[in-house]
Amino acid sequence: RDLVIVIEDNGVGIPPEKLAPLQRQLESNQLADSTLAGRKGHGGIGLMNVHRRIQLVFGEKYGLSISSIQGQGTSITIRFPNIGS
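Residues numbered from 1 in each chain as written. Predicted model: local features only at pLDDT ≥ 70, side-chain atom pairs only at ≥ 80, totals over all residues. Heavy atoms only, no water.

Draft legend 1. A look at the side chain of Gln55. Structurally, Gln55 is set in helix H3 (residues 45–58). On the accessibility criterion, Gln55 (6% relative accessible area) is buried. Among the polar contacts made by the side chain of Gln55, one reaches the side chain of Arg52 at a distance of 3.0 Å. Every residue in contact with Gln55, bar those within four places of it in the chain, is listed here: Asn29, Glu60 and Tyr62. (Helix = DSSP H or I, 4+ residues; strand = E, 2+ residues; numbered from the N terminus. Buried < 20%, exposed > 50% of the residue type's maximum accessible area, 1.4 Å probe, protein only. Polar contact = N/O pair within 3.5 Å; in protein donor to acceptor, adjacent residues only side chain to side chain. Contact = heavy atoms within 4.5 Å.)

Next comes the structure, spelled out in structure tokens:
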């Protein structure tokens, strides 16, 4: 069994046109997207760095995933192997 941490908020959520590139970056392990990274507050570089570091230590099946519904909130899931058992 994996150790899974879920961080959720009930804020404004992420618009689909901004969420899709973030999800693609996480899936393809891109550290930054040049079309997003140049704009302040966009690009998810911190998320990508954390995701990639987790994968470098534990493997490709671990790391971050993000889901969001505009107007309802955002959920970030962090997956680690359960090395304590």
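Still to come is the rest of the account.
Draft legend 2. Representation of the side chain of Ser75. Here Ser75 shows up in strand S3 (residues 73–81). When residues no more than four places from it in sequence are discounted, the contact partners of Ser75 are Val6, Ile7, Glu8, Ser65, Ile66 and Ser67.

Draft legend 3. View of the pattern of salt bridges. Counted under the stated rule, the structure contains 2 salt bridges. Arg79 serves as the salt-bridge partner of Asp2, at 3.3 Å between the closest nitrogen and oxygen. In this pair, Asp2 is assigned in strand S1 (residues 2–8) and Arg79 in strand S3, connecting sequence segments 77 residues apart. Relative accessible area serves as the criterion here: at 27%, Asp2 is assigned to the partly exposed category. On the basis of relative accessible area, Arg79 is assigned to the partly exposed category, the value being 32%. (Salt bridge = Lys/Arg side-chain N within 4 Å of Asp/Glu carboxyl O.)

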